[in-house]
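Coordinate inspection notes
The primary structure of each chain is shown beneath.
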Amino acid sequence: MPHRVTIIPGDGIGPEVAEAAMRAVNATGVDIQWERKELTADIIIEAGKELPAHVLDSLNDTRVGLKGPITTPVAGGFKSVNVALRKKLDLFANVRPVRTVPGLKTRYNDVKIDMVIFRENTEDLYSGLEHEIVTDVVESLKIITRYASMRIAHYAFNYAVKHGRKKIAAVHKANIMKLSDGLFLRCCREVAAMHPQITYQELIVDNASMQLVMRPEQFDVLLLPNLYGDIVSDLAAGLVGGLGIVPGANMGENVAVFEAVHGSAPDIAGRGLANPTALMSSAAMMLRYLGEEDAAVRLTKGIEQTYIEGKHLTKDVGGSAHTDEFTDAVIRNL
Ligand code: NAI
């Protein structure tokens, strides 16, 4: 029986990296029946709603998605479809492994970076609850609940135990947001107490950002509310070669949607310049989730080998290869 997977190419560089990721997955020999669902900024504007039913229906049916980025207008326009999708499908845990890529030259080649970021994915300032109280005074609501904080903390600690991780750092700003981030921290502490074998620490987000730049090798697992998780993910991507590299997964109880950290990169879209590594590695996470461990390992090794050879890399990581050329090299190296 083939695995059924909903593929949402998205827009911007999405279709280019989605095509590359699908080709690489198909080349592993795993039998996937792709259900292609188009969702772009233009479609959303035309439909007048962020989440057309056919996309949700497909994901609820297949329960596994591979998704490219979707453009969200800045300072106006429709709300983020990415955020809406995570909320609607209750994809509460955003998991982003950030690792040194063997062979890739970065500013941090003298240390080994290997951390996993757990970002709460459903609330915080991404509640989308904003309003203008009076002219020129607006309010954005930061929602933090015990339910969602406990759920992401349990998820991160369980992952750490299962994968032999030793340390978890909860990142917060509870010195200022004493109630909201305070509640998030209390939940993290409560769950930490259930896992004495994992070293637990807390860092204020500004200090955490500095520590990440100065000594990224000290971090193992990071546990953050939504907004800090979003920002710190991009920062962490910058440590290992940029947004072209870092994969991710949005995990729910019954549905999982795999997508890169990066956005639709309109500055390079449609020119064959996009690095598909991040979505390919997200696809490797998906293969593992589907129980195709061998294919996941082969895909990961194929990507790594392509970086070690260094001959067919994309521009963002110092090469001159087009998206297709990099993809061909990965497929040869599977
Ligand atoms: P971005 O991540 O799209 O791009 C930031 C920079 O990184 C750009 O210079 C871009 O060229 C580069 N970059 C990103 N991915 C790359 C790749 N695979 N290969 C080579 N270079 C890459 O962030 P930006 O520009 O802030 O956002 C653009 C749009 O994407 C916005 O509408 C934003 O809302 C949306 N977005 C969507 C996300 C999603 O669908 N999950 C996540 C983040 C942003």
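Every value quoted in this text rests on a predicted model; they were computed, and no experiment measured them. (Residues numbered from 1 in each chain as written. Predicted model: local features only at pLDDT ≥ 70, side-chain atom pairs only at ≥ 80, totals over all residues. Heavy atoms only, no water.)

In summary, the side chains of a regular strand alternate between the two faces of the sheet. Counting buried residues in strand S5 (residues 114-120) gives 6 out of 7 residues, a clear majority hidden from the surface. Pairing analysis gives 7 bridges linking strand S4 (residues 93-99) to S5, with the strands arranged antiparallel. Residue pairing in the sheet places asparagine 94 in a bridge with arginine 119 of S5. Summarising the sheet, S5 and strand S10 (residues 221-224) pair through 4 bridges and their orientation is parallel. Paired with isoleucine 117 across the bridge in S10 is leucine 222. (Buried < 20%, exposed > 50% of the residue type's maximum accessible area, 1.4 Å probe, protein only. Helix = DSSP H or I, 4+ residues; strand = E, 2+ residues; numbered from the N terminus. Pairing = 2+ DSSP bridges.)

This part is about unusual backbone geometry. Despite not being glycine, aspartate 90 shows a phi value in the positive range, around 55°. Its location among the elements puts aspartate 90 in the loop between helix H4 (81-88) and S4. Residue classification places aspartate 90 among the partly exposed positions, given a relative accessible area of 29%.

The environment of the ligand is made up of 22 residues, and the closest members are Thr72, Gly263, Ala265, Asp267 and Asn275. In this structure, an oxygen atom belonging to the ligand sits 3.0 Å away from a side-chain N or O atom of asparagine 82. Here glycine 263 contributes a backbone N or O atom positioned 2.7 Å from an oxygen atom of the ligand. For the ligand, whose free accessible area comes to 810 Å², the fraction covered by protein is 70%. Residues belonging to the shell around the ligand are distributed by class as follows: 9 nonpolar, 8 polar and 5 charged. (Near = heavy atom within 4 Å. Polar contact = N/O pair within 3.5 Å; in protein donor to acceptor, adjacent residues only side chain to side chain. Areas by Shrake-Rupley, 256 points an atom, 1.4 Å probe, with all protein chains shown as cover. Nonpolar A, V, L, I, M, F, W, Y, C, P; charged D, E, K, R; others polar.)

Right, let's get into the domain arrangement of the chain. Domain assignment breaks the chain into domain 1 (1-97 + 242-334) and domain 2 (107-239). Listed by partner, the interface residues are 19 residues for domain 1 and 20 residues for domain 2. When domain 1 packs against domain 2, the two sides together hide about 1,700 Å² of surface, and 52% of this comes from carbon and sulfur. Its largest share of buried area at the contact with domain 2, domain 1 owes to Lys87, Phe92 and Arg96, together 37% of the area lost on that side. Inspection of the domain 1/domain 2 interface yields 1 salt bridge. Residue aspartate 90 pairs with arginine 151 through a salt bridge whose shortest N-O separation is 2.7 Å. Put simply, domain 1 and domain 2 have 12 residue pairs in polar contact (both at pLDDT 80 or more) between them. Elements supplying a minimum of two residues to the side of domain 1 that touches domain 2: H4, S4 and strand S11 (249-251). (Domains from an automatic or database assignment. Contact = heavy atoms within 4.5 Å. Buried area = accessible area lost by both parts, 1.4 Å probe. Salt bridge = Lys/Arg side-chain N within 4 Å of Asp/Glu carboxyl O.)

Attention now goes to the packing of aromatic side chains. Counted under the stated rule, the structure contains 6 aromatic pairs. Centre to centre, the rings of phenylalanine 92 and tyrosine 155 are 5.6 Å apart; their planes meet at 90°, and the pair counts as edge-to-face. Linking phenylalanine 92 in the loop between H4 and S4 with tyrosine 155 in helix H5 (residues 146-162), this pair joins segments that are 63 residues apart in sequence. The partly exposed category is assigned to tyrosine 155, whose relative accessible area is 25%. Look at phenylalanine 157 and tyrosine 200: their rings are 6.3 Å apart centre to centre, the planes differ by 45°, and that puts the pair in the tilted class. Remark: tyrosine 200 occurs in strand S9 (residues 199-204) and phenylalanine 157 occurs in helix H5; sequence separation between them is 43 residues. Among the aromatic residues, those joined into a ring-pair cluster are Phe92, Phe118, Tyr155 and Tyr159. Here arginine 119 stacks its cationic end above the ring of tyrosine 126, 5.3 Å away from the centre of that ring. (Phe/Tyr/Trp six-rings, centres within 6.5 Å; stacked < 30°, edge-to-face > 60°. Lys NZ or Arg CZ within 6 Å of the ring centre and 35° of its normal.)

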